Each structure stands twice: as C-alpha cells, then as structure tokens.
Amino acid sequence: MRRRSMAVLAAVPLMFAAACGSGGGVATGASSPASSSGVTELQVTGQAGAKPTVAFPSKVVETSSFKVLTPGTTGEAAKLGTSVIANFTVFTWDGKENKIAGSTYDEGGPQVITLNEQVPEILRKGFAETKGGGRFMSVVAKDALPAEQQAQAPPGQSQVFVVDVVGVPQAKAAQGTATDPGVDGIKVENPGGDAAPKLTTKTKKKAPKELVAKTVIKGTGPEVKTGQSILVQYAGKIWGSDVEFDSSWSRGAQPIMFPIGTGKVIKGWDQGLVGVPVGSRVLLSVPPDLGYGKAGSGEKIKGTDTLVFLVDVLGAY
C-alpha cells in the first residue's frame, strides 16, 4: 500500500499514455522503421537497463517511427492485451531544449504497462519486436494521435521514447499449495490457478499490536531485496469490519509495481515483504503505526485501524 509520496510513481504509466495521447491512438504514419527518417536521425547512448541520453538534430521530424536498438533475448515479446515490465525515458523533441518529460529511472524503477489500444500502435510495434533485456526507440508524432486530437497537438514537436523492456510477466496469481496463515479471526480462501483469493476480516477478535507476516503460499523464486521494484496483486481490508479499502483484484486483476524497502510504501509492507520469495502469497496484519498512522487515509481508513493485506508477490526487478 502506497504512501502519498507514491502518487508520482503511480502516475508514471499514465504519463506513458498521456505523453503520446490517450484514447485509442493508432499511428497512421510509419508502418516500419524504414518508412521514416525520424529514428535514424537520433543517436541514443548508454546501455539498456540504464537511463539513456539522446542527441537530437535541430530539425524536428513530425512523422512517427520506431527502431529496435537491442532485440533482447529473455522470454517472449509483449502482444496486444498483455502486460509488460519496462523502463522508459520520454523526451520532448522541439529542436531547441529537447527536455526529458519523464523517466522511470528517476521515479523509482520499472513499471507495468498494459498494451491496450490507448498505447499508440507505433509503440506497440516496438514492444512486439523487443524481448526482455532489449531496447527500442520510437518517435511518437501527432500522426499517432486520434484524428480529433491531432489539431490540438503543439506544432513543431514530437515525443521520443527510449524503452528498455524488462520482461513480460506470466503469472497472474501465486501458484502452489496454500496453508492456513494461523491468524485468529482472519480467514483466507485460496481457489487456486489464476483466480482471486478471498480475504475475510469480519471478527470480534482483537487485532495484533505488532506486525504479523504469514506465508500462505511459499514461492520458489529468489527473495525480494531492498531497493527492488516488486510486481504484486493484493487486497486490503480493515480488521474487524471486512471493509475493503483497496484491491488490485477488484480493478480488473491488473498487477501493480512499486519499490520496496525504501520508504516509498507503508512501513508494514517494507518490513513484511523484503525477504519474501517471489511467487509467494503473504498475509500481513499492519498496526496503525506501521500503516498510515494517526491521520489515517481517505474516507475508509481511520488512524486507529489495523489493516490486513493479502499480497501475491509475482516478480521482483
């Protein structure tokens, strides 16, 4: 569960879509890298997996194109409708300042991106040809925007994306034999497969005063390390009331990512999830002082509430 400071990170995937236009953008320009000179006139330096630098010519190319710089070798390339883990850096190519519009390397680590039709086709083509460990570059010009937005696009500008593909996640839920977490008053139902587990926190039992972290399913992957970004599915409820205040499962079962162990999330998550093997399902009971403190959060979480989370750790990057 994020602290308020995580709002910037949460907005990064939105910036990914917004920087190239939202609402079903389909590139009507370049159908292949060779059909536009935009990417060929840009010079990218730096290795994949690190923040790049780009040398820009003074003349802006306002036709979309893409180029695979390093194809990558890990796993499969992403397809329409799938999610992909990636780092990306976005530049505004105006022929003058060519400023960085944003970069995941400045915002805490890679993000999970759903390749739907809101991501312009010229970017989806780059993802389709780049596997984990690879890098592609794309010029996203106004021809990548829906027709109704093209007239509103600033003249003499294009967006340049340098995208480092980390990988395409396969699992949607923790897999394996589930055990009772043994927390009196809390019930967990594990249907198996990719189905969402059910967390029940309706109880008259008193909440623990200390952090409780119990393994429901033990994963077989490497242990989560401080400073990594983790990919998770989760549900969060309030002890005693069974009120759900947040859930990735309820938002279409789309996993989310955030840095762990670095103070970017509530202390209960930093303390309870570092060291957990990837592939695990973990029950966390978080007392107020390790959650949102006396101020609480939003309309549902009071400063005296103990929070209960069921977290599937799907990846660590």
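Quantities reported herein were computed from a predicted structural model and do not represent experimental measurements. (Residues numbered from 1 in each chain as written. Predicted model: local features only at pLDDT ≥ 70, side-chain atom pairs only at ≥ 80, totals over all residues. Heavy atoms only, no water.)

**As for the overall build of the protein**
Thinking step 1. The helix and strand inventory of the protein stands at 5 helices and 16 strands.
Thinking step 2. The contacts of the protein with a sequence gap of at least 6 include a subset with a gap of at least 24, amounting to 76%.
Thinking step 3. Split by element, the accessible area of the protein, about 14,500 Å² in all, is 50% carbon and sulfur. (Helix = DSSP H or I, 4+ residues; strand = E, 2+ residues; numbered from the N terminus. Contact = heavy atoms within 4.5 Å. Areas by Shrake-Rupley, 256 points an atom, 1.4 Å probe, with all protein chains shown as cover.)

**Quick notes on the nonpolar core**
Thinking step 1. If you look at the biggest cluster of nonpolar residues, it comprises 25 residues, and the most contacted ones within it are Trp269, Leu273, Phe309 and Val311.
Thinking step 2. For this core, the secondary structure elements donating two or more residues are strand S12 (229–238), strand S14 (256–259), helix H5 (267–273), strand S15 (281–286) and strand S16 (307–316).
Thinking step 3. In this structure, Val311 is in contact with Val232, Gln233, Tyr234, Trp269, Leu273, Ser280, Arg281, Val282 and Leu284, ignoring residues within four places of it in sequence.
Thinking step 4. One finds Val84, Ala86, Leu115 and Val165 within the second-largest nonpolar core, a separate group that totals 18 residues. (Core = buried A, V, L, I, M, F, W, Y, C linked by side-chain atoms within 4.5 Å. Buried < 20%, exposed > 50% of the residue type's maximum accessible area, 1.4 Å probe, protein only.)

**A short note on unusual backbone geometry**
Thinking step 1. Positive phi, normally seen in glycine, also occurs at Asn98, with a value near 50°.
Thinking step 2. When you line up the elements, Asn98 lands in the loop between strand S4 (83–93) and strand S5 (100–103).
Thinking step 3. By relative accessible area, which is 14% here, Asn98 ends up buried.
Thinking step 4. In this structure, Ala253 is a non-glycine residue whose phi angle is positive, near 55°.
Thinking step 5. Relative to the assigned elements, Ala253 resides in the loop between strand S13 (244–247) and S14.

**What to know about the environment of Gly219**
Thinking step 1. Topologically, Gly219 is positioned in the loop between strand S11 (212–217) and S12.
Thinking step 2. A relative accessible area of 12% places Gly219 in the buried class.
Thinking step 3. Filtering out sequence-adjacent residues up to four positions away, Gly219 remains in contact with Pro277, Val278, Gly279 and Ser280.

**Overview of the packing of aromatic side chains**
Thinking step 1. Tallied over the full model, the rule gives 7 aromatic pairs.
Thinking step 2. A ring pair is formed by Tyr234 and Trp269, whose centres lie 5.5 Å apart and whose planes are at 90°; its orientation type is edge-to-face. Taken together, the residues span a long stretch of sequence, with Tyr234 in strand S12 and Trp269 in helix H5 at a distance of 35 residues. Accessibility assignment for this pair places Tyr234 and Trp269 in one class, buried. (Phe/Tyr/Trp six-rings, centres within 6.5 Å; stacked < 30°, edge-to-face > 60°.)

**Remarks on the pattern of salt bridges**
Thinking step 1. Inspection of the entire model under this criterion finds 8 salt bridges.
Thinking step 2. Taking the shortest distance from any N to any O, the salt bridge between Asp106 and Lys51 comes out at 2.7 Å. In this pair, Asp106 sits in the loop between S5 and strand S6 (111–114) while Lys51 sits in the loop between strand S1 (43–45) and strand S2 (53–55), placing the two residues 55 residues apart along the sequence.
Thinking step 3. Between Lys187 and Glu189 there is a salt bridge, and its shortest N-O distance comes to 3.8 Å. (Salt bridge = Lys/Arg side-chain N within 4 Å of Asp/Glu carboxyl O.)

**Observations concerning the side chain of Asn98**
Thinking step 1. There is a polar contact of 2.9 Å between the side chain of Asn98 and the backbone nitrogen of Gly95.
Thinking step 2. Excluding residues that lie within four positions of it along the chain, Asn98 makes contacts with Phe56, Phe91, Thr92 and Trp93. (Polar contact = N/O pair within 3.5 Å; in protein donor to acceptor, adjacent residues only side chain to side chain.)

**Brief notes about the environment of Tyr234**
Thinking step 1. A relative accessible area of 1% means that Tyr234 is categorised as buried.
Thinking step 2. Distance from Tyr234 to Asp312, taken between C-alpha atoms, is 6.1 Å for residues 78 residues apart in sequence.
Thinking step 3. Polar contacts involving the side chain of Tyr234 include one to the side chain of Asp246, which spans 2.5 Å.

**Notes on the side chain of Asp246**
Thinking step 1. With respect to the helices, strands and loops of the structure, Asp246 is situated in strand S13.
Thinking step 2. Only 2.4 Å separates the side chain of Asp246 from the side chain of Arg251, close enough to count as a polar contact.

**Structural notes on the environment of Ala171**
Thinking step 1. Following the sequence through the fold, Ala171 ends up in the loop between strand S8 (158–167) and strand S9 (187–189).
Thinking step 2. A residue is classified by how much of its surface remains accessible, and Ala171, at 36% relative accessible area, is partly exposed.
Thinking step 3. When the C-alpha atoms of Ala171 and Pro255 are compared, they prove to be 9.9 Å apart, with 84 residues separating the residues in sequence.

**Considerations on the confidence of the model for the protein**
Thinking step 1. On average, residues of the protein score 87 in pLDDT, and 88% of them reach the 70 mark or higher.
Thinking step 2. When the criterion is pLDDT under 50, residues 3–15 qualifies, and its contacts beyond four places in sequence or with other chains add up to 26 contacts. (pLDDT = per-residue confidence, 0-100.)

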